Amino acid sequence: MKKLQVAIDGPAGSGKSTVARQLAQILGYLYLDTGAMYRAITLKALRCGVPLDDEEALSRLAQGARIELKSRPDGGQAVFLDGEEVTSALRAPAVNAAVSRVAQVPGVRRQLTRRQQALGAAGGVVMDGRDIGTVVLPAADVKVFLTASLGERVKRRLKELGERGFQLTPEAVRQEVLRRDREDEQRALAPLRPAPDAHIIDTSDLTPAEVVARIIALVRQRQGGAGR
Ligand code: DC
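All of the points below concern the structure found in this document. (Residues numbered from 1 in each chain as written. Predicted model: local features only at pLDDT ≥ 70, side-chain atom pairs only at ≥ 80, totals over all residues. Heavy atoms only, no water.)

This part covers the overall build of the chain. From N to C terminus, the chain includes nine helices and eight strands. Rg of the C-alpha trace for the chain: 17 Å, near the compact-globule value of 17 Å for 228 residues, within the 12% margin. Projected onto its principal axes, the C-alpha positions of the chain cover 50 × 35 × 35 Å. A buried classification covers 52% of the 228 residues belonging to the chain. Taking contacts inside the chain between residues at least 6 apart in sequence as the whole, the part at least 24 apart equals 75%. Element-wise, carbon and sulfur atoms account for 52% of the exposed surface of the chain, whose accessible area totals about 10500 Å². (Helix = DSSP H or I, 4+ residues; strand = E, 2+ residues; numbered from the N terminus. Rg over C-alpha atoms; globule rule 2.2 N^0.38 Å. Buried < 20%, exposed > 50% of the residue type's maximum accessible area, 1.4 Å probe, protein only. Contact = heavy atoms within 4.5 Å. Areas by Shrake-Rupley, 256 points an atom, 1.4 Å probe, with all protein chains shown as cover.)

Written out as structure tokens, the structure reads:
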């Protein structure tokens, strides 16, 4: 069966990573969490004390960073930065607070977009992010844009943070989600928006399994059709 490129975009808390991971596992595809790559660059910048407004230094840092993504048996993805596992560190509030600024830097985006395109070129990939269907894989076979109400996204974010041992108030998380939405949607380069040919799915009242089932149906339709 033809190995497709599946692009899953959407804002923080829309359920992208849970859905993309399960989907990749069912299809036997590679799962690629592109947000983790932006987070890895951000973590490195914070550790090295690079100012977040120094675009040149951030671009250089992205160029020199060795990011490896390794699939786990549970379908998850372990992230290594310059040889060190940083999977949990990438989810820290300090990284959440800084990542959308780092993701606005053209030199950083250029580096990461190129790597993502190379990883997706052969197909058989489920990639989640903000600009996969619009910029990274504009010819993806299946494009999905996930949304959810703000309240639901805050609830999911709080749960994820709690599971990782970070205790934040709902209001703090709400502010962080709103700020990140704004920064991701309003940036000049590769802003968060659905591709014209994306299927928009509101996940507020759906379980991950229900969302996965809908996307599988789109994949099967595509595989049964005339192809790309
Ligand atoms: O999906 P996430 O929350 O882990 O993403 C972290 C940040 O990275 C997000 O706020 C914006 C940025 N990002 C991006 O600009 N482009 C992508 N393809 C993925 C993430």
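Of all residues adjacent to the ligand, which total 16 residues, the nearest are Arg-39, Arg-109, Arg-130, Asp-131 and Arg-180. At 2.8 Å, a side-chain N or O of Arg-109 approaches an oxygen atom of the ligand. Here an oxygen atom of the ligand and a side-chain polar atom of Arg-130 are 2.9 Å apart. Relative to its unbound accessible surface of 450 Å², the ligand loses 97% to contact with the protein. For the shell around the ligand, the elements supplying multiple residues, two or more each, are helix H2 (34-48) and helix H8 (170-186). Take the shell around the ligand: its biggest share by element is four residues, from H2. (Near = heavy atom within 4 Å. Polar contact = N/O pair within 3.5 Å; in protein donor to acceptor, adjacent residues only side chain to side chain.)

Turning our attention to the nonpolar core. Counting 25 residues, the largest nonpolar core has Ile-41, Ile-67, Leu-81, Leu-90, Val-108 and Leu-112 as the members making the most contacts within it. Elements that contribute at least two residues to this core include exactly H2, helix H3 (55-64), strand S4 (77-81), helix H4 (93-102) and helix H5 (106-120). For this core, the leading source of residues is H2, giving seven residues. Ignoring anything within four residues of it in the chain, the contact list for Leu-90 reads Ala-36, Arg-39, Ala-40, Leu-43, Val-79 and Val-95. Among the nonpolar cores identified, the runner-up in size contains 22 residues, and Ala-20, Val-144, Leu-206 and Ile-216 belong to it. (Core = buried A, V, L, I, M, F, W, Y, C linked by side-chain atoms within 4.5 Å.)

To continue, consider the sheet that holds strand S7 (residues 142-147). One key point about sheets: their strands pair by backbone hydrogen bonds, in either a parallel or an antiparallel sense. Judged by pairing direction, the sheet is parallel, and its five strands sit side by side in the order S2-S6-S1-S7-S8 without closing on themselves. In this open sheet, the two strands that pair with only one neighbour each are strand S2 (30-33) and strand S8 (199-202). For this sheet, the mean inter-axis angle between neighbouring strands, taken without regard to orientation, is 20 degrees. As paired strands, strand S1 (residues 5-9) and strand S6 (residues 125-129) are joined by five bridges and run parallel to one another. Directly across from Val-6, in S6, lies its bridge partner Val-126. Here helix H1 (residues 16-27) sits on the sheet in contact with S1, S2, S6 and S7, set at roughly 175 degrees to S6. (Pairing = 2+ DSSP bridges. Axes fitted to C-alpha atoms, helices over the stretch in contact; angles between N-to-C directions.)

This next bit is on the packing of H4 against H8. Helix-helix packing is characterised by the crossing angle of the two axes and by the distance between the axes. One can describe the packing of H4 onto H8 by two numbers: an axis separation of 9 Å at closest approach and a directional angle of 10 degrees. With respect to H8, the axis of H4 lies roughly parallel. Only Glu-176, Arg-179, Arg-180, Glu-183 and Asp-184 of H8 make contact with H4, whose side of the interface consists of Asn-96, Ala-97, Val-99, Ser-100 and Arg-101. Across the contact of H4 with H8, the residue classes tally to two nonpolar, two polar and six charged. (Parallel < 35°, antiparallel > 145°, perpendicular 65-115°, else oblique. Nonpolar A, V, L, I, M, F, W, Y, C, P; charged D, E, K, R; others polar.)

In this section: the pattern of salt bridges. Opposite charge on two side chains permits them to pair, given that their charged atoms come into close proximity. According to the stated counting rule, one finds 20 salt bridges in the structure shown. Glu-68 serves as the salt-bridge partner of Arg-66, at 3.2 Å between the closest nitrogen and oxygen. The closest approach of N and O atoms between Arg-72 and Glu-85, which form a salt bridge, is 3.2 Å. Here Glu-85 lies in strand S5 (residues 84-85) and Arg-72 lies in the loop between strand S3 (67-71) and S4, a separation of 13 residues in the sequence. Since its relative accessible area comes to 40%, Glu-85 is described here as partly exposed. (Salt bridge = Lys/Arg side-chain N within 4 Å of Asp/Glu carboxyl O.)

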